[in-house]
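Examining the three-dimensional arrangement
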Amino acid sequence: MKATKPGRYVSSLTRETVALILAGGRGSRLKALTLSRAKPATPFGGKYRIIDFPLSNCVNSGIRRIAVLTQYKAHDLIVHLQRAWGYFRGEFGEFVEILPAQQQIDASWYKGTADAVFQNLEYLRRQEPEFVLILAGDHIYKMDYGLMLAQHAESGAEITVGTVEVPVERAQEFGIVTIDESNRISRFIEKPLHPEPIPGREGIALASMGIYVFNAAFLERVLLEDAALEDSAHDFGRNIVPGVHRGRRACPCLRVPGRGNQGPALLARRGKRRRVLRGEPGTYVRRAGAQPL
Amino acid sequence: VGNVDAFYEANLELTYVAPELNLYDQEWPIWTYQAQLPPAKFVLDDDDRHGRALNSMVSGGCIVSGALVRESVLFSNVRVGERSLVERSIIMPNVEIGRSCRITGAIIDEDTEVPDGLVVGEDPAEDRRRFFVTKQGVVLVTRGMIEALS
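The following refers to the structure shown.

Cut-offs and rules
- Residues numbered from 1 in each chain as written.
- Chains lettered and ligands numbered in written order.
- Predicted model: local features only at pLDDT ≥ 70, side-chain atom pairs only at ≥ 80, totals over all residues.
- Heavy atoms only, no water.
- Phe/Tyr/Trp six-rings, centres within 6.5 Å; stacked < 30°, edge-to-face > 60°.
- Buried < 20%, exposed > 50% of the residue type's maximum accessible area, 1.4 Å probe, protein only.
- Helix = DSSP H or I, 4+ residues; strand = E, 2+ residues; numbered from the N terminus.
- Pairing = 2+ DSSP bridges.
- Salt bridge = Lys/Arg side-chain N within 4 Å of Asp/Glu carboxyl O.
- Contact = heavy atoms within 4.5 Å.

Turning next to the packing of aromatic side chains. Per the counting criterion, the structure on display carries eleven aromatic pairs over all chains. Centroid distance Tyr87(A) to Phe88(A): 5.0 Å. Interplanar angle 20°. Geometry classified as stacked. You can call Phe88(A) buried: its relative accessible area is 10%. For the ring pair Tyr212(A) and Phe214(A), a centre distance of 6.3 Å and an interplane angle of 65° mean the geometry is edge-to-face. Pair check on accessibility: Tyr212(A) and Phe214(A) agree, each one buried. Each member of the aromatic cluster is reached from another via a ring pair, and the members are Phe44(A), Tyr48(A), Phe53(A) and Phe7(B).

Structure, rendered in C-alpha coordinates:
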(Lines give C-alpha, C1' and ligand atoms only; values in the text may rest on other atoms or scores of the structure.)
Protein backbone atom coordinates (compact mmCIF):
# COMPACT_ATOMS: atom_id res chain seq x y z
CA MET A 1 0.00 0.00 0.00
CA LYS A 2 1.23 3.32 -1.03
CA ALA A 3 0.34 5.96 1.41
CA THR A 4 -0.37 6.77 4.94
CA LYS A 5 -3.22 9.24 5.09
CA PRO A 6 -6.55 8.01 3.79
CA GLY A 7 -7.53 11.23 2.02
CA ARG A 8 -4.22 11.55 0.27
CA TYR A 9 -4.25 7.87 -0.58
CA VAL A 10 -7.59 8.00 -2.38
CA SER A 11 -6.60 11.12 -4.29
CA SER A 12 -3.44 9.42 -5.52
CA LEU A 13 -5.59 6.50 -6.74
CA THR A 14 -8.03 8.73 -8.59
CA ARG A 15 -5.13 10.53 -10.24
CA GLU A 16 -3.81 7.21 -11.48
CA THR A 17 -7.17 6.40 -13.06
CA VAL A 18 -8.62 6.93 -16.49
CA ALA A 19 -12.39 6.61 -16.72
CA LEU A 20 -13.92 5.25 -19.90
CA ILE A 21 -17.62 5.95 -20.31
CA LEU A 22 -19.36 3.65 -22.76
CA ALA A 23 -21.90 5.70 -24.65
CA GLY A 24 -22.17 4.02 -28.02
CA GLY A 25 -25.14 1.67 -27.62
CA ARG A 26 -28.41 1.95 -29.45
CA GLY A 27 -30.76 2.23 -26.49
CA SER A 28 -33.77 1.22 -28.55
CA ARG A 29 -35.83 0.46 -25.46
CA LEU A 30 -36.41 4.15 -24.92
CA LYS A 31 -38.38 4.11 -28.19
CA ALA A 32 -38.96 7.50 -29.77
CA LEU A 33 -36.92 9.24 -27.08
CA THR A 34 -33.75 7.88 -28.65
CA LEU A 35 -34.89 8.13 -32.25
CA SER A 36 -32.30 10.72 -33.12
CA ARG A 37 -29.76 10.42 -30.31
CA ALA A 38 -27.82 7.99 -28.19
CA LYS A 39 -29.40 7.18 -24.86
CA PRO A 40 -26.72 8.91 -22.75
CA ALA A 41 -27.70 12.20 -24.44
CA THR A 42 -31.37 11.89 -23.49
CA PRO A 43 -32.55 14.87 -21.43
CA PHE A 44 -33.33 13.99 -17.83
CA GLY A 45 -34.57 15.82 -14.75
CA GLY A 46 -35.48 19.14 -16.34
CA LYS A 47 -32.06 20.33 -17.40
CA TYR A 48 -29.61 17.47 -17.44
CA ARG A 49 -28.59 14.76 -19.88
CA ILE A 50 -28.20 11.22 -18.60
CA ILE A 51 -24.44 11.17 -19.18
CA ASP A 52 -24.04 14.13 -16.80
CA PHE A 53 -24.48 11.68 -13.92
CA PRO A 54 -21.47 9.39 -14.49
CA LEU A 55 -19.43 12.42 -15.58
CA SER A 56 -20.34 14.38 -12.44
CA ASN A 57 -19.57 11.31 -10.33
CA CYS A 58 -16.10 11.20 -11.89
CA VAL A 59 -15.39 14.86 -11.24
CA ASN A 60 -16.84 14.75 -7.74
CA SER A 61 -14.71 11.65 -7.07
CA GLY A 62 -11.56 13.41 -8.22
CA ILE A 63 -11.20 11.56 -11.53
CA ARG A 64 -10.42 14.12 -14.17
CA ARG A 65 -9.14 12.02 -17.03
CA ILE A 66 -12.25 10.85 -18.81
CA ALA A 67 -12.89 9.49 -22.29
CA VAL A 68 -16.36 8.94 -23.70
CA LEU A 69 -16.70 6.20 -26.31
CA THR A 70 -19.35 7.04 -28.88
CA GLN A 71 -20.75 5.37 -31.93
CA TYR A 72 -24.50 5.33 -32.52
CA LYS A 73 -26.23 8.67 -33.24
CA ALA A 74 -23.50 10.54 -31.46
CA HIS A 75 -23.94 14.09 -32.74
CA ASP A 76 -26.27 15.35 -30.02
CA LEU A 77 -24.10 13.72 -27.37
CA ILE A 78 -20.91 15.25 -28.77
CA VAL A 79 -22.44 18.74 -28.87
CA HIS A 80 -23.52 18.36 -25.26
CA LEU A 81 -20.09 17.12 -24.17
CA GLN A 82 -18.42 20.06 -25.85
CA ARG A 83 -20.73 22.59 -24.26
CA ALA A 84 -21.01 21.10 -20.81
CA TRP A 85 -17.71 19.36 -20.33
CA GLY A 86 -15.30 21.26 -22.50
CA TYR A 87 -13.74 23.33 -19.72
CA PHE A 88 -11.08 20.88 -18.56
CA ARG A 89 -7.53 22.13 -18.72
CA GLY A 90 -5.03 20.15 -20.67
CA GLU A 91 -2.19 21.88 -18.85
CA PHE A 92 -3.20 20.10 -15.67
CA GLY A 93 -3.43 16.77 -17.42
CA GLU A 94 -7.20 16.67 -17.21
CA PHE A 95 -9.65 16.09 -20.03
CA VAL A 96 -13.00 14.87 -21.22
CA GLU A 97 -12.28 13.42 -24.62
CA ILE A 98 -14.46 11.74 -27.19
CA LEU A 99 -13.41 8.42 -28.69
CA PRO A 100 -15.66 7.84 -31.69
CA ALA A 101 -15.64 4.51 -33.47
CA GLN A 102 -13.06 5.11 -36.20
CA GLN A 103 -12.07 1.66 -37.43
CA GLN A 104 -8.83 1.94 -35.51
CA ILE A 105 -7.91 -1.74 -35.80
CA ASP A 106 -9.63 -2.99 -38.93
CA ALA A 107 -12.71 -2.20 -41.01
CA SER A 108 -15.18 -2.76 -38.20
CA TRP A 109 -16.96 -0.35 -35.91
CA TYR A 110 -17.29 -1.06 -32.20
CA LYS A 111 -18.65 -4.61 -32.04
CA GLY A 112 -19.33 -4.59 -28.32
CA THR A 113 -18.37 -2.76 -25.15
CA ALA A 114 -15.12 -4.69 -24.78
CA ASP A 115 -14.25 -4.26 -28.44
CA ALA A 116 -14.80 -0.52 -28.08
CA VAL A 117 -12.11 -0.41 -25.40
CA PHE A 118 -9.91 -2.86 -27.30
CA GLN A 119 -9.91 -0.56 -30.34
CA ASN A 120 -8.63 2.22 -28.11
CA LEU A 121 -5.89 0.31 -26.32
CA GLU A 122 -3.20 2.37 -27.97
CA TYR A 123 -4.86 5.53 -26.75
CA LEU A 124 -5.13 4.06 -23.28
CA ARG A 125 -1.46 3.08 -23.23
CA ARG A 126 -0.49 6.66 -23.97
CA GLN A 127 -2.31 7.83 -20.85
CA GLU A 128 -0.30 5.36 -18.73
CA PRO A 129 -2.96 4.88 -16.07
CA GLU A 130 -2.59 2.38 -13.29
CA PHE A 131 -6.34 1.78 -13.13
CA VAL A 132 -9.10 1.93 -15.71
CA LEU A 133 -12.62 2.63 -14.53
CA ILE A 134 -15.26 1.37 -16.96
CA LEU A 135 -18.63 3.10 -16.69
CA ALA A 136 -21.93 3.05 -18.53
CA GLY A 137 -23.07 6.33 -20.01
CA ASP A 138 -26.75 5.61 -19.53
CA HIS A 139 -27.06 5.07 -15.78
CA ILE A 140 -28.50 7.65 -13.41
CA TYR A 141 -27.02 7.47 -9.91
CA LYS A 142 -24.57 9.09 -7.57
CA MET A 143 -21.50 7.23 -6.44
CA ASP A 144 -18.05 7.99 -5.12
CA TYR A 145 -15.72 5.98 -7.32
CA GLY A 146 -12.83 6.83 -4.99
CA LEU A 147 -14.11 4.33 -2.45
CA MET A 148 -14.33 1.66 -5.10
CA LEU A 149 -10.77 2.39 -6.22
CA ALA A 150 -9.57 2.24 -2.63
CA GLN A 151 -11.17 -1.15 -2.08
CA HIS A 152 -9.76 -2.34 -5.36
CA ALA A 153 -6.24 -1.28 -4.48
CA GLU A 154 -6.41 -2.70 -0.95
CA SER A 155 -7.70 -6.08 -2.10
CA GLY A 156 -4.84 -6.47 -4.56
CA ALA A 157 -7.31 -7.67 -7.19
CA GLU A 158 -7.02 -7.34 -10.94
CA ILE A 159 -10.64 -6.38 -11.33
CA THR A 160 -13.41 -5.15 -9.04
CA VAL A 161 -17.06 -5.28 -10.01
CA GLY A 162 -19.52 -2.74 -8.63
CA THR A 163 -22.72 -4.39 -7.47
CA VAL A 164 -25.99 -3.49 -5.85
CA GLU A 165 -28.58 -5.57 -4.03
CA VAL A 166 -31.75 -6.38 -5.93
CA PRO A 167 -34.72 -8.58 -5.04
CA VAL A 168 -34.29 -12.06 -6.52
CA GLU A 169 -37.52 -11.79 -8.48
CA ARG A 170 -36.09 -8.89 -10.42
CA ALA A 171 -32.62 -10.38 -10.71
CA GLN A 172 -33.25 -11.91 -14.12
CA GLU A 173 -32.80 -8.51 -15.70
CA PHE A 174 -29.21 -8.11 -14.52
CA GLY A 175 -25.81 -9.70 -14.46
CA ILE A 176 -25.89 -11.54 -11.14
CA VAL A 177 -22.79 -12.31 -9.12
CA THR A 178 -22.40 -14.98 -6.49
CA ILE A 179 -19.85 -14.23 -3.80
CA ASP A 180 -18.04 -16.26 -1.15
CA GLU A 181 -17.33 -15.23 2.46
CA SER A 182 -14.26 -13.26 1.45
CA ASN A 183 -16.32 -11.14 -0.94
CA ARG A 184 -14.82 -12.76 -4.00
CA ILE A 185 -16.95 -13.49 -6.98
CA SER A 186 -17.39 -17.20 -7.49
CA ARG A 187 -19.87 -16.94 -10.32
CA PHE A 188 -21.16 -14.30 -12.71
CA ILE A 189 -24.16 -14.95 -14.89
CA GLU A 190 -25.72 -12.42 -17.22
CA LYS A 191 -29.52 -12.42 -16.89
CA PRO A 192 -29.81 -15.77 -15.12
CA LEU A 193 -33.05 -17.77 -15.23
CA HIS A 194 -32.58 -18.87 -11.64
CA PRO A 195 -30.68 -16.15 -9.81
CA GLU A 196 -28.81 -17.18 -6.68
CA PRO A 197 -29.44 -15.14 -3.54
CA ILE A 198 -26.61 -13.81 -1.38
CA PRO A 199 -25.67 -16.50 1.16
CA GLY A 200 -27.68 -15.87 4.30
CA ARG A 201 -29.82 -13.21 2.68
CA GLU A 202 -33.06 -14.75 1.56
CA GLY A 203 -34.56 -13.11 -1.50
CA ILE A 204 -31.70 -10.70 -2.24
CA ALA A 205 -29.23 -11.09 -5.08
CA LEU A 206 -26.20 -9.01 -6.07
CA ALA A 207 -26.49 -7.36 -9.44
CA SER A 208 -23.58 -6.01 -11.41
CA MET A 209 -23.87 -2.29 -12.05
CA GLY A 210 -21.79 -2.54 -15.20
CA ILE A 211 -19.06 -0.63 -13.39
CA TYR A 212 -15.60 -2.15 -13.26
CA VAL A 213 -12.18 -1.17 -12.03
CA PHE A 214 -9.36 -2.93 -13.88
CA ASN A 215 -5.66 -2.83 -13.36
CA ALA A 216 -4.63 -1.34 -16.68
CA ALA A 217 -2.15 -4.07 -17.57
CA PHE A 218 -4.67 -6.77 -16.77
CA LEU A 219 -7.35 -5.06 -18.85
CA GLU A 220 -5.04 -5.01 -21.82
CA ARG A 221 -4.29 -8.69 -21.42
CA VAL A 222 -7.92 -9.84 -21.20
CA LEU A 223 -8.98 -7.60 -24.07
CA LEU A 224 -6.26 -9.00 -26.30
CA GLU A 225 -7.36 -12.52 -25.40
CA ASP A 226 -11.01 -11.73 -26.00
CA ALA A 227 -10.33 -10.06 -29.33
CA ALA A 228 -8.86 -13.30 -30.60
CA LEU A 229 -11.98 -15.29 -29.76
CA GLU A 230 -14.29 -15.66 -32.70
CA ASP A 231 -17.38 -16.67 -30.77
CA SER A 232 -17.16 -13.78 -28.33
CA ALA A 233 -19.66 -10.93 -28.48
CA HIS A 234 -16.81 -8.75 -27.13
CA ASP A 235 -19.02 -7.51 -24.31
CA PHE A 236 -17.82 -6.78 -20.75
CA GLY A 237 -20.92 -8.18 -19.07
CA ARG A 238 -21.32 -11.23 -21.24
CA ASN A 239 -17.76 -12.23 -22.09
CA ILE A 240 -15.05 -10.46 -20.13
CA VAL A 241 -16.29 -10.45 -16.55
CA PRO A 242 -17.76 -13.98 -16.49
CA GLY A 243 -14.43 -15.23 -17.88
CA VAL A 244 -11.94 -13.46 -15.68
CA HIS A 245 -12.95 -14.69 -12.28
CA ARG A 246 -12.36 -18.31 -13.23
CA GLY A 247 -8.92 -19.57 -12.35
CA ARG A 248 -7.44 -16.17 -12.04
CA ARG A 249 -6.65 -13.87 -9.21
CA ALA A 250 -9.25 -12.67 -6.82
CA CYS A 251 -12.15 -10.87 -8.36
CA PRO A 252 -13.87 -9.15 -5.51
CA CYS A 253 -16.99 -7.15 -5.79
CA LEU A 254 -17.75 -3.83 -4.27
CA ARG A 255 -21.13 -3.81 -2.66
CA VAL A 256 -22.54 -0.39 -3.06
CA PRO A 257 -24.86 0.27 -0.17
CA GLY A 258 -28.41 0.65 -1.36
CA ARG A 259 -31.81 -0.31 -0.23
CA GLY A 260 -33.15 -3.35 -2.01
CA ASN A 261 -34.25 -2.44 -5.44
CA GLN A 262 -32.36 0.79 -5.78
CA GLY A 263 -29.05 1.87 -7.03
CA PRO A 264 -28.04 2.54 -10.50
CA ALA A 265 -30.16 -0.04 -11.87
CA LEU A 266 -32.28 2.27 -10.01
CA LEU A 267 -34.40 3.01 -12.76
CA ALA A 268 -35.47 -0.41 -13.51
CA ARG A 269 -39.12 -0.29 -13.06
CA ARG A 270 -40.70 -0.21 -9.78
CA GLY A 271 -44.43 -0.39 -10.10
CA LYS A 272 -46.83 2.40 -10.55
CA ARG A 273 -47.47 3.28 -6.98
CA ARG A 274 -46.43 6.71 -6.02
CA ARG A 275 -44.10 6.85 -3.09
CA VAL A 276 -43.08 9.86 -1.15
CA LEU A 277 -39.83 8.86 0.42
CA ARG A 278 -38.60 10.36 3.59
CA GLY A 279 -35.44 10.32 5.58
CA GLU A 280 -31.94 10.22 4.23
CA PRO A 281 -32.29 10.25 0.48
CA GLY A 282 -30.44 7.54 -1.39
CA THR A 283 -28.19 5.58 0.88
CA TYR A 284 -26.26 4.49 -2.17
CA VAL A 285 -25.05 8.03 -2.42
CA ARG A 286 -21.64 8.26 -0.84
CA ARG A 287 -19.82 11.48 -0.48
CA ALA A 288 -16.26 12.13 -1.37
CA GLY A 289 -13.87 11.78 1.50
CA ALA A 290 -16.55 11.02 4.03
CA GLN A 291 -15.32 7.52 4.69
CA PRO A 292 -11.99 6.80 6.26
CA LEU A 293 -10.44 3.71 4.81
CA VAL B 1 -33.33 3.88 -17.19
CA GLY B 2 -34.01 0.66 -18.98
CA ASN B 3 -37.19 1.59 -20.80
CA VAL B 4 -39.80 4.29 -21.24
CA ASP B 5 -41.61 3.35 -18.02
CA ALA B 6 -38.39 3.60 -16.03
CA PHE B 7 -37.53 6.90 -17.66
CA TYR B 8 -40.97 8.24 -16.77
CA GLU B 9 -40.84 7.00 -13.21
CA ALA B 10 -37.32 8.28 -12.59
CA ASN B 11 -38.22 11.77 -13.78
CA LEU B 12 -41.48 11.83 -11.87
CA GLU B 13 -39.76 10.79 -8.64
CA LEU B 14 -37.69 13.94 -8.74
CA THR B 15 -40.85 15.90 -7.94
CA TYR B 16 -41.38 14.06 -4.66
CA VAL B 17 -40.70 15.79 -1.37
CA ALA B 18 -37.53 13.80 -0.70
CA PRO B 19 -36.60 11.71 -3.75
CA GLU B 20 -33.84 9.10 -3.63
CA LEU B 21 -31.92 11.03 -6.24
CA ASN B 22 -31.30 14.39 -4.62
CA LEU B 23 -30.37 17.00 -7.21
CA TYR B 24 -30.10 19.67 -4.54
CA ASP B 25 -27.09 18.15 -2.72
CA GLN B 26 -24.40 20.80 -2.88
CA GLU B 27 -21.75 18.34 -1.80
CA TRP B 28 -22.34 16.18 -4.85
CA PRO B 29 -23.41 18.55 -7.60
CA ILE B 30 -24.52 17.31 -11.00
CA TRP B 31 -22.91 19.44 -13.67
CA THR B 32 -24.42 20.15 -17.03
CA TYR B 33 -24.72 22.71 -19.79
CA GLN B 34 -27.50 25.22 -19.44
CA ALA B 35 -28.58 27.66 -22.08
CA GLN B 36 -29.08 31.20 -20.82
CA LEU B 37 -32.81 31.22 -20.26
CA PRO B 38 -35.18 33.61 -18.53
CA PRO B 39 -36.80 32.48 -15.25
CA ALA B 40 -39.85 30.25 -15.27
CA LYS B 41 -43.01 32.34 -15.23
CA PHE B 42 -46.53 31.70 -13.99
CA VAL B 43 -49.15 34.14 -15.19
CA LEU B 44 -52.87 34.84 -15.03
CA ASP B 45 -54.94 34.87 -11.89
CA ASP B 46 -58.53 35.37 -13.11
CA ASP B 47 -61.68 33.71 -11.90
CA ASP B 48 -61.10 30.64 -14.05
CA ARG B 49 -57.52 30.92 -15.22
CA HIS B 50 -54.72 30.48 -12.71
CA GLY B 51 -51.14 29.90 -13.78
CA ARG B 52 -49.86 27.36 -11.25
CA ALA B 53 -47.48 24.47 -10.79
CA LEU B 54 -47.74 22.19 -7.75
CA ASN B 55 -45.46 19.31 -6.71
CA SER B 56 -43.54 19.92 -9.90
CA MET B 57 -40.13 20.86 -11.25
CA VAL B 58 -40.20 23.70 -13.77
CA SER B 59 -37.04 24.62 -15.70
CA GLY B 60 -35.87 27.92 -17.09
CA GLY B 61 -37.66 29.53 -20.01
CA CYS B 62 -41.05 27.99 -19.18
CA ILE B 63 -44.31 29.94 -19.15
CA VAL B 64 -47.36 28.48 -17.50
CA SER B 65 -50.14 30.76 -18.58
CA GLY B 66 -53.48 30.28 -16.84
CA ALA B 67 -52.88 26.54 -16.70
CA LEU B 68 -52.48 24.03 -13.88
CA VAL B 69 -49.37 21.84 -13.75
CA ARG B 70 -49.35 19.10 -11.17
CA GLU B 71 -46.82 16.39 -10.24
CA SER B 72 -44.91 17.00 -13.44
CA VAL B 73 -41.47 17.86 -14.77
CA LEU B 74 -41.25 20.69 -17.27
CA PHE B 75 -37.93 20.78 -19.14
CA SER B 76 -36.56 24.04 -20.55
CA ASN B 77 -38.65 26.38 -22.72
CA VAL B 78 -42.03 24.73 -22.27
CA ARG B 79 -45.26 26.69 -22.78
CA VAL B 80 -48.58 25.66 -21.30
CA GLY B 81 -51.64 27.52 -22.57
CA GLU B 82 -54.65 28.68 -20.62
CA ARG B 83 -57.19 26.30 -19.12
CA SER B 84 -54.90 23.37 -19.79
CA LEU B 85 -54.14 20.74 -17.20
CA VAL B 86 -50.84 18.85 -17.07
CA GLU B 87 -50.75 16.06 -14.53
CA ARG B 88 -48.15 13.40 -13.70
CA SER B 89 -46.40 14.12 -16.98
CA ILE B 90 -42.89 14.67 -18.29
CA ILE B 91 -42.74 17.57 -20.73
CA MET B 92 -39.48 17.58 -22.67
CA PRO B 93 -37.68 20.73 -23.91
CA ASN B 94 -39.35 23.23 -26.25
CA VAL B 95 -42.82 21.69 -26.07
CA GLU B 96 -45.78 23.98 -26.61
CA ILE B 97 -49.04 22.85 -25.09
CA GLY B 98 -52.03 24.75 -26.44
CA ARG B 99 -55.21 25.87 -24.66
CA SER B 100 -57.72 23.62 -22.90
CA CYS B 101 -55.60 20.50 -23.19
CA ARG B 102 -55.65 17.71 -20.62
CA ILE B 103 -52.39 15.78 -20.43
CA THR B 104 -52.20 13.01 -17.82
CA GLY B 105 -49.56 10.35 -17.29
CA ALA B 106 -47.67 11.20 -20.46
CA ILE B 107 -44.25 12.00 -21.83
CA ILE B 108 -44.38 14.72 -24.48
CA ASP B 109 -41.21 14.50 -26.56
CA GLU B 110 -39.02 17.45 -27.46
CA ASP B 111 -40.25 20.17 -29.87
CA THR B 112 -43.82 18.86 -29.95
CA GLU B 113 -46.65 21.35 -30.49
CA VAL B 114 -49.72 20.03 -28.74
CA PRO B 115 -52.83 21.45 -30.45
CA ASP B 116 -55.60 23.19 -28.47
CA GLY B 117 -58.02 20.86 -26.75
CA LEU B 118 -55.96 17.67 -27.06
CA VAL B 119 -56.71 15.07 -24.39
CA VAL B 120 -54.00 12.52 -23.57
CA GLY B 121 -54.11 9.79 -20.93
CA GLU B 122 -57.84 9.40 -20.39
CA ASP B 123 -58.93 6.95 -23.07
CA PRO B 124 -56.41 4.11 -23.39
CA ALA B 125 -57.83 2.81 -26.67
CA GLU B 126 -57.68 6.22 -28.26
CA ASP B 127 -54.16 6.79 -26.91
CA ARG B 128 -53.02 3.49 -28.31
CA ARG B 129 -54.41 4.35 -31.70
CA ARG B 130 -52.67 7.71 -31.90
CA PHE B 131 -49.61 7.45 -29.67
CA PHE B 132 -47.27 4.94 -28.07
CA VAL B 133 -48.51 3.44 -24.80
CA THR B 134 -46.14 1.52 -22.51
CA LYS B 135 -46.87 -1.62 -20.54
CA GLN B 136 -47.62 0.46 -17.49
CA GLY B 137 -49.86 2.84 -19.37
CA VAL B 138 -47.53 5.82 -19.85
CA VAL B 139 -48.40 7.61 -23.09
CA LEU B 140 -45.46 8.75 -25.20
CA VAL B 141 -46.33 11.55 -27.61
CA THR B 142 -43.87 12.76 -30.25
CA ARG B 143 -43.93 15.54 -32.79
CA GLY B 144 -44.30 13.03 -35.58
CA MET B 145 -47.36 11.47 -33.99
CA ILE B 146 -49.02 14.87 -33.56
CA GLU B 147 -48.25 15.81 -37.13
CA ALA B 148 -49.76 12.54 -38.30
CA LEU B 149 -53.06 13.49 -36.65
CA SER B 150 -53.78 16.38 -38.97
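Still more to cover.
For a regular strand, side-chain orientation follows a simple rule: the groups alternate between the two sheet faces. All names here are of chain A. Counting buried positions along strand β10 (residues 204–215) yields eleven of twelve residues, so the element is predominantly enclosed. Relative to β10, strand β6 (residues 131–136) runs antiparallel, the two sharing four bridges. If you follow Val-132 over to β10, its bridge partner there is Phe-214. Relative to β10, strand β7 (residues 159–167) runs antiparallel, the two sharing eight bridges. Looking at the pairing, Val-161 lines up with Tyr-212 of β10. Pairing of strand β8 (residues 175–179) with β10, which is carried by two bridges, proceeds in the antiparallel orientation. Across the sheet, residue Val-177 finds its bridge partner in β10, namely Leu-206.

So, about the sheet that holds strand β14 (residues 119–120) of chain B. All names here are of chain B. With parallel pairing, five strands are arranged side by side in an open sheet as β2-β5-β8-β11-β14. Of all the strands in the sheet, just β2 (52–54) and β14 have a single pairing partner and so form its edges. Relative to strand β5 (residues 68–70), β2 runs parallel, the two sharing three bridges. Considered in β5, the bridge of Arg-52 is made with Leu-68.

Take the pattern of salt bridges next. Taken as a whole and assessed by the stated rule, the structure comprises 21 salt bridges over all chains. The partner of Arg37(A) in a salt bridge is Asp76(A), with the nearest N and O atoms 2.7 Å apart. Separated by 39 residues along the polypeptide, Arg37(A) in the loop between β1 (17–22) and β2 (43–44) and Asp76(A) in helix α3 (residues 75–85) bring together distant segments of the chain. Linking Glu91(A) and Arg89(A) is a salt bridge whose minimum nitrogen-to-oxygen distance equals 2.5 Å. Exposure remark for Arg89(A): the relative accessible area of 42% places this residue in the partly exposed category. If you follow the salt bridges from partner to partner, you end up with Asp46(B), Asp48(B), Arg49(B), Glu82(B), Arg83(B) and Arg99(B) in one network.

Burial analysis of β7(A) places nine of its nine residues in the buried class, which makes it a mostly covered element. Burial along β7(A) is two-sided: Ile159(A), Val161(A), Thr163(A), Glu165(A) and Pro167(A) and Thr160(A), Gly162(A), Val164(A) and Val166(A), pointing in opposite directions, are all buried.

Here we take up the sheet that holds strand β4 (residues 63–65) of chain B. Residue and element names in this part refer to chain B. With parallel pairing, the five strands of this open sheet are ordered in space as β1-β4-β7-β10-β13. Across the chains shown, the open sheet's two edge strands, defined by having one partner strand only, are β1 (41–43) and β13 (113–114). Relative to strand β7 (residues 79–80), β4 runs parallel, the two sharing two bridges. By the bridge assignment for β7, Ile-63 is matched with Arg-79.

Residue and element names in this part refer to chain B. Following the sequence through the fold, Asp-5 ends up in helix α1 (residues 4–13). Separated by 133 residues in sequence, Asp-5 and Val-138 have C-alpha atoms that sit 6.7 Å apart. For Asp-5, the contacting residues outside a window of four places in its chain are Thr-134, Lys-135, Gln-136 and Val-138.

Time to look at the side chain of His80(A). Within the fold, His80(A) resides in helix α3. Note on His80(A): relative accessible area 3%, which makes it buried. Apart from residues lying up to four places away in sequence, His80(A) is in contact with Arg49(A), Ile51(A), Asp52(A), Trp85(A), Thr32(B) and Tyr33(B).

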